[in-house]
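Remarks on the overall topology
One-letter residues, chain by chain:
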Amino acid sequence: MITTIVKRISTAITLIKIEMESSDTYTFKFSVPEKIKWEPGAYAHFLSSDLQNGEKVNKESLRELSIMSHPDEKLIGFTTRIRQNPSKFKQALLKLKIGDQIRMFKIGNHFKKQKFDKPIVLISMGVGIATFRPLILTIFKNSSQVFPITNINIDRSGNFVYKNELESFSAEKIKNVLVCNRDNLYESINQHINNCENVYYVVGSKEFNKSIGDYLLEKNIASKNIVFDKR
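The present account deals with the structure reproduced in this document.

**Considerations on unusual backbone geometry**
Of note, the phi angle at Asn85 is positive, near 55°, even though the residue is not glycine. Following the sequence through the fold, Asn85 ends up in the loop between strand 5 (76-81) and helix 2 (88-95). If you check the backbone angles, Asn220 has positive phi at about 65° while not being a glycine. Tracing the backbone shows Asn220 in the loop between helix 6 (206-218) and strand 11 (226-228). Among the residues examined, Asn220 registers a relative accessible area of 72% and is labelled exposed.

**What about the side chain of Arg103?**
Relative to the helices and strands, Arg103 is located in strand 6 (residues 101-109). Buried charge without a salt bridge: Arg103, with Asp50 as the nearest opposite-charge side chain at an N-O distance of 6.8 Å. Polar contacts involving the side chain of Arg103 include one to the main-chain carbonyl oxygen of Lys7, which spans 3.3 Å.

**As for the nonpolar core**
Counting 21 residues, the largest nonpolar core has Phe132, Ile136, Ile149 and Tyr201 as the members making the most contacts within it. Mapped onto this core, the elements with two or more residues apiece are strand 7 (120-125), helix 3 (129-141) and strand 10 (199-203). Ranked by residue count, the leading element in this core is helix 3, at seven residues. Beyond its immediate sequence surroundings of up to four residues, Phe132 is in contact with Phe111, Leu122, Ile123, Ser124, Tyr201, Val202 and Val203. Listed in part, the 20 residues of the second largest apolar core include Leu15, Ala42, Ile67 and Phe89.

**Looking at a nonpolar patch on the surface**
On the surface, Met1, Ile5 and Ile9 cluster together to form a nonpolar patch covering roughly 330 Å² of accessible area. Looking at the secondary structure, you find Ile5 in helix 1 (residues 2-9). Given the relative accessible area of 31%, Ile5 is considered partly exposed.

**Let's talk about the packing of aromatic side chains**
A complete count under the given rule lists nine aromatic pairs for this structure. Consider the rings of Phe46 and Phe78, whose centres lie 4.7 Å apart with planes at 55°: the pair is tilted. Of this pair, Phe46 sits in strand 3 (residues 42-47) while Phe78 sits in strand 5; the two residues are 32 residues apart in sequence, bridging distant segments of the chain. Given the relative accessible area of 0%, Phe46 is considered buried. Over the ring of Phe140 we find Lys173; its NZ or CZ atom is 5.3 Å from the centre of that ring.

**Looking at the sheet that holds strand 8 (residues 149-154)**
The strand order across the open sheet formed by five strands is 9-8-7-10-11, and the pairing between neighbours is parallel. Looking at strand neighbours, the two that pair on one side only are strand 9 (174-179) and strand 11, the edges of this open sheet. Taken over all neighbouring pairs, the strand axes of this sheet differ in orientation by 15° on average, direction set aside. Packed onto the sheet, helix 3 meets strand 7, strand 8, strand 9 and strand 10 and runs at close to 155° relative to strand 7.

Rules used in this analysis
Residue numbers restart at each chain and count upward from 1, following the sequence in its written direction. Residue-level local features of this predicted model are given only where pLDDT is at least 70; pairs of side-chain atoms are given and counted only at 80 or more, and the full residue set underlies all totals for whole chains, interfaces and linings. Note that the side-chain values use all heavy atoms of the structure and ignore hydrogens as well as water. We count a stretch as a helix when DSSP gives it H or I for four or more residues in a row; a strand needs E for two or more, and each element gets its number in order from the N terminus. Summary of the burial criterion: residues with accessible area below 20% of their type's maximum are buried, those above 50% are exposed, and those between are partly exposed, where the area comes from a 1.4 Å probe applied to protein chains only. In this tally Asp and Glu are treated as negative and Lys and Arg as positive; neither His nor the chain ends contributes. A carboxyl oxygen of Asp or Glu within 4 Å of a side-chain nitrogen of Lys or Arg is what we treat as a salt bridge. Any pair of nitrogen or oxygen atoms within 3.5 Å is treated as a polar contact; in protein, a donor-acceptor pairing is required on top of that, and neighbouring residues in sequence qualify only through side-chain atoms on both sides. To form a nonpolar core, buried Ala, Val, Leu, Ile, Met, Phe, Trp, Tyr and Cys residues must be joined to one another through side-chain atoms within 4.5 Å. Residue contacts are defined here by distance: any two heavy atoms, one from each residue, within 4.5 Å place the two residues in contact. Patch rule: a residue counts if its relative accessible area is over 30% and it has no salt bridge; like charges are joined within 9 Å, and nonpolar side chains (Val, Leu, Ile, Met, Phe, Trp, Tyr) within 5 Å. Per-residue accessibility takes into account occlusion by the displayed protein chains alone, with areas from the Shrake-Rupley method and a 1.4 Å probe. Under the pairing criterion, centres of Phe, Tyr and Trp rings, with the six-membered ring standing for Trp, must be within 6.5 Å; the plane angle then separates stacked pairs below 30 degrees from edge-to-face pairs above 60, leaving the rest tilted. The criterion for a charge sitting over a ring is simple: Lys NZ or Arg CZ within 6 Å of the ring centre, and within 35 degrees of the ring normal. Strand pairing follows a simple DSSP-based rule, namely that at least 2 bridges must link the two strands. Lines fitted to C-alpha atoms define the axes, with helix axes restricted to the stretch in contact, and inter-axis angles between N-to-C directions lie between 0 and 180 degrees.

Limitation: the analysis is restricted to geometry and does not speak to function.
Below you can see the structure in the form of structure tokens.
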């Protein structure tokens with residue numbers, strides 16, 4: 001029953017490229033079917049099968065992942081870490097070849113109504129920065145951008161996702177702060193809370209989002225100026 005429903009509401013997408021961001025981090029890029037539309041900051045549910053060979057849908061074959069690509073790039077992409085002893089979903093991803101299909105459905109967006117007309121501080125954990133990448137590109141496309149973006153990303157491995165791309169952007173448009181531990185993370189946040197107009201966007205695990213949100217509130221940041229992808 002569930003498999004039938006998912007097959008009906010989902011759309012097949014075809015793999016066109018796999019990029020290795022680091023030793024254990026991959027970006028999977030797919031062609032865009034005509035009926036698929038999304039806005040920067042979106043996420044979707046991805047199924048690691050095209051359901052053409054009798055496979056059944058279960059929790060192990062599904063993941064909710066951020067869409068790392070901007071609609072203008074004309075592709076759908078997501079970035080994920082695949083370490084030792086990966087889940088069945090990630091095992092299936094490693095087996096994909098160019099031209100293979102998976103399915104996606106239920107596109108959502110926690111940042112859809114944001115105006116980005118104030119100073120922006122992006123705070124993310126690991127591959128959570130995938131959510132921010134298309135938002136950054138959107139802001140860059142806005143010719144009226146007045147304030148530079150502050151992008152703070154923590155990754156204990158030191159293998160920062162999209163590092164080369166982010167550092168290729170003009171320092172007048174974005175300041176990248178890449179840290180490997182929580183002490184440096186909080187220190188970096190402290191250095192960027194001096195403007196009461198700042199809006200803070202936070203992407204990470206529920207625990208990460210809560211701890212960063214609580215910390216910002218303790219620093220007298222107004223709750224209306226803190227935006228989460230989930231909490």
